[in-house]
Amino acid sequence: MATHRESMHGQWSSRWAFILAATGSAVGLGNIWKFPYMAGENGGGAFVLVYLLCVALIGIPIMMAEVLIGRHGRRSPTNTLMEICKEQHHSQWWQLIGWSGMLVGFLILSYYSVIAGWTLAYVFRAGSGTFTALGGDAVGKIFSDFISDPERLLAWHTIFMGLTMVVVARGVKSGLETAVTYLMPALFVLLLILVGYAMNTGYFTEGLSFLFKPDFSKISANGVLAAMGQAFFSLSIGMGAIMIYGSYLPQDASITRSSIIIALADTLVAILAGVAIFPIVFANGLDPAQSVGLVFNTLPIAFGNMPGGAFFGMLFFILLAFAAWTSAISLIEPMVTWLVESLGMNRVTAVVWTGACAWLLGIGTIFSFNLWSDYTINKMSFFDVLDYLTSNVLLPLGGILITIFAVWIMSEKSTREELSISHEQGYSIWRFVLRYITPVAMFFVLLKVAGIIGS
Ligand code: PHE
């Protein structure tokens, strides 16, 4: 019987607490802000289908791998990988996965906090009745005025980053569990209310067929890559966030079942957001491919035109900010735990350093919507470059390395023990999928991007 390590940062009180925290990490702006606009920009149905395939064939198996590696090592991702390599006599180079993960989490946090700041600002706009009885044009103008004001964006970015730092400094476990237990279901109910509104726009079927009728002529190779990147981003995999949460997981909890529940919940929230948003887009003659403003230009129309809309609108943006907050926490947790373990910093100092640097970098994202909007590389703004680099390049790269590590490098005995899927077949299926199917699927996407297959 192998001896199991314990994490110096504590442990979740139960498997359920882990599921809640990981769902809190997964469900966030990625589902409600990013998924709909990515689907809108990439032609709808075909993008959604590729996305769902990526979640099933790539996302869930990699999530399981991350959790099991985390639980086996019980430290920050970098030190976990180092420890496992030492134990099983492999090259220390594998810890680079942890390093790249810390960097990616940091880069994502820098812009994530800016966008989360927008949702905070919208709490007050919705609550004060700003959107009452407005149409698409007026709502669109409110958004474009807002993002062209760098000072205002900076203020909200600062507030959001501050809130994230406070929670991480106190240790992620206190508070997170309760927040997710009540707020996630509430967000879900509000999404259902929005879907109810969408059903009455008269354009519900148009919205559904846009989302679910795949038209492959509308998706480009880059769209396929974006769908895969979105699966990584939305499930929080490829950078160690799920790995660090796995390191706090009790030894007797089922990794398979937990991962499937988290992925299903995450996917459901994204789909519901799409189902709520697109009927509003078509009913108001808006452009589905309007990028980062989509949510902010559509949902306020619904809130402005439904009974009790100021209240529901305010509540919705509060809950969205909470969802973003529980994701942001997991973005810096790997770096913070590493600073504590390896440099002996105390938790508060580690958080202040990480948060302050991410805050500073976030200013670049703020400016890319106003002062620097003319500075582009390949038509991409500073924000676009960061987003593309993290979601479409670094997360999938981290994912493939985690895959290789879990099924080709780590001993079969240790992965089998961690997964302890009760029947032999379950383990064999996971291993087979991760050894052959996942890499082939990812390779397929890369070939498509390189223009080698299809058009
Ligand atoms: N999954 C989060 C979201 O959808 C973002 C995130 C990405 C969080 C990577 C942690 C790690 O909003």
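For the structure, check the block above.
Just so it is clear, the model here is predicted, and its values are computed rather than measured.

A. Looking closely at the overall build of the chain. Counting its regular elements, the chain contains 18 helices and 0 strands. Whereas a compact globule of 455 residues would reach a radius of gyration of roughly 23 Å, the chain reaches 21 Å, a difference of no more than 12%. Principal-axis analysis of the C-alpha atoms places the extent of the chain at approximately 65 × 50 × 40 Å. Sorting the 455 residues of the chain into buried and exposed places 59% on the buried side. Long-range pairs, those at least 24 residues apart, make up 82% of the contacts in the chain between residues at least 6 apart in sequence. For the chain, the accessible area works out to roughly 17,400 Å², and carbon and sulfur atoms hold 68% of it. Distance from the positive charge centre (22 side chains) to the negative charge centre (24 side chains) of the chain: 5 Å.

B. A look at the environment of valine 440. If you trace the backbone, valine 440 turns up in helix α18 (residues 424-449). Along the chain, valine 440 and isoleucine 58 lie 382 residues apart, while their C-alpha atoms are 9.8 Å from each other.

C. View of helix α17 (residues 412-419). What α17 keeps buried is the set Ser414, Thr415, Glu418 and Leu419. All buried residues of α17 fall inside an arc of 125 degrees around its axis, so they share one side. For α17, the secondary structure elements touched by its buried residues are α3 (45-73), α12 (255-283), α16 (382-409) and α18. Once α17 finishes, serine 420 follows within two positions and takes phi at roughly 30 degrees, a positive value.

D. Spatial organisation of the packing of aromatic side chains. Scanning the entire structure with this criterion turns up 34 aromatic pairs. With a centroid separation of 5.8 Å and an interplanar angle of 45 degrees, the aromatic rings of tyrosine 427 and tryptophan 430 are classed as tilted. Of the two residues, tyrosine 427 and tryptophan 430 both sit in helix α18, 3 residues apart, roughly one turn of that helix. When sorted by exposure, tyrosine 427 lands in the same class as tryptophan 430, which is buried. We note lysine 34 situated over the ring of phenylalanine 233; from NZ or CZ to the ring centre the distance is 4.1 Å. The positively charged end of arginine 435 is found above the aromatic ring belonging to tryptophan 408, 3.9 Å away from the centroid.

E. Up close: unusual backbone geometry. For serine 291, which is not glycine, the phi dihedral falls at a positive 60 degrees. Looking at the secondary structure, you find serine 291 in the loop between α12 and α13 (294-304). Owing to a relative accessible area of 23%, serine 291 belongs among the partly exposed residues under this scheme. The residue asparagine 378 is not glycine, and still its phi comes out positive at about 55 degrees. Here asparagine 378 shows up in the loop between α15 (347-368) and α16. By relative accessible area, which is 70% here, asparagine 378 ends up exposed.

F. Representation of the pattern of salt bridges within the structure. Tallying each qualifying case throughout the model produces 9 salt bridges. We note a salt bridge from arginine 5 to glutamate 87, for which the minimum N-O separation is 2.7 Å. One end of the pair, arginine 5, is in the segment before α1 (15-26); the other, glutamate 87, is in helix α4 (residues 77-87), and 82 residues separate them in sequence. Overall, the relative accessible area of 22% leaves arginine 5 in the partly exposed class. Assessed through its relative accessible area of 37%, glutamate 87 is described here as partly exposed. The partner of aspartate 387 in a salt bridge is lysine 34, and the shortest N-O contact between them spans 2.9 Å. Taken as a pair, aspartate 387 in helix α16 and lysine 34 in helix α2 (residues 29-41) lie far apart in primary sequence, 353 residues in all.

G. Geometry of the packing of helix α9 (residues 204-212) against α12. It is the contact of α9 with α12, at a shortest axis distance of 8 Å, that shows an interaxial angle of 125 degrees. One element, α9, and the other, α12, form an angle in the oblique class. Handedness of the α9/α12 crossing: right-handed. Here α9 contributes Phe204, Glu206, Gly207, Leu208, Phe210, Leu211 and Phe212 to the contact with α12, which in turn contributes Ile271, Gly274, Val275, Phe278, Pro279 and Phe282. Classifying every residue of the contact of α9 with α12 by side-chain character gives 10 nonpolar, 2 polar and 1 charged.

H. How the structure looks around the nonpolar core. With 162 residues, the main nonpolar core has Trp33, Ile69, Trp118, Phe316, Phe405 and Trp430 as its most contacted residues. When residues in this core are grouped by element, the largest group, 18 residues, is from helix α5 (residues 96-127). When residues no more than four places from it in sequence are discounted, the contact partners of tryptophan 430 are Pro61, Met64, Ala65, Leu68, Ala406, Val407, Thr415 and Leu419.

I. Region of interest: the site of the ligand. Close contacts around the ligand come from 15 residues, with Ala26, Gly30, Tyr112, Phe233 and Ser236 the closest. The contact in question runs from an oxygen atom of the ligand to an N or O atom on the backbone of leucine 29, over 3.1 Å. Note that a nitrogen atom of the ligand is positioned 3.0 Å from one of the side-chain N or O atoms of serine 236. Protein chains bury 100% of the 330 Å² of accessible surface belonging to the ligand in isolation. Among the secondary structure elements, those contributing two or more residues to the shell around the ligand are α1, α2, α10 (221-235) and α14 (309-343). Partitioned by chemical class, the residues of the shell around the ligand number 7 nonpolar, 8 polar and no charged.

J. Here's a closer look at the side chain of arginine 347. When you line up the elements, arginine 347 lands in helix α15. In this structure the side chain of arginine 347 is engaged in a polar contact, spanning 2.9 Å, whose partner is the backbone oxygen of valine 168. Separated by 2.7 Å, the side chains of arginine 347 and glutamate 333 make a polar contact.

K. Seen up close, α18. Between its first and last C-alpha, α18 extends 37 Å over 26 residues, near the 38 Å set by a 1.5 Å rise per residue. Considering bend angle alone, the principal kink of α18 is centred on valine 433 and spans about 40 degrees. Considered for burial, the residues of α18 that qualify are Gly426, Tyr427, Trp430, Arg431, Val433, Leu434, Thr438, Met442, Val445 and Lys448.

The rules behind each value
Residues numbered from 1 in each chain as written. Predicted model: local features only at pLDDT ≥ 70, side-chain atom pairs only at ≥ 80, totals over all residues. Heavy atoms only, no water. Helix = DSSP H or I, 4+ residues; strand = E, 2+ residues; numbered from the N terminus. Rg over C-alpha atoms; globule rule 2.2 N^0.38 Å. Buried < 20%, exposed > 50% of the residue type's maximum accessible area, 1.4 Å probe, protein only. Contact = heavy atoms within 4.5 Å. Areas by Shrake-Rupley, 256 points an atom, 1.4 Å probe, with all protein chains shown as cover. Lys, Arg positive; Asp, Glu negative; His and termini not counted. Charge placed at Lys NZ, Arg CZ, Asp CG, Glu CD. Arc of directions from axis to C-beta. Phe/Tyr/Trp six-rings, centres within 6.5 Å; stacked < 30°, edge-to-face > 60°. Lys NZ or Arg CZ within 6 Å of the ring centre and 35° of its normal. Salt bridge = Lys/Arg side-chain N within 4 Å of Asp/Glu carboxyl O. Axes fitted to C-alpha atoms, helices over the stretch in contact; angles between N-to-C directions. Parallel < 35°, antiparallel > 145°, perpendicular 65-115°, else oblique. Left-handed = near helix turned anticlockwise from the far one by under 90°. Nonpolar A, V, L, I, M, F, W, Y, C, P; charged D, E, K, R; others polar. Core = buried A, V, L, I, M, F, W, Y, C linked by side-chain atoms within 4.5 Å. Near = heavy atom within 4 Å. Polar contact = N/O pair within 3.5 Å; in protein donor to acceptor, adjacent residues only side chain to side chain. Expected span 1.5 Å × (residues − 1). Bend = angle between axes of the 7 residues up to and from the residue.

Interpretation in functional terms is not warranted from these geometric data alone.
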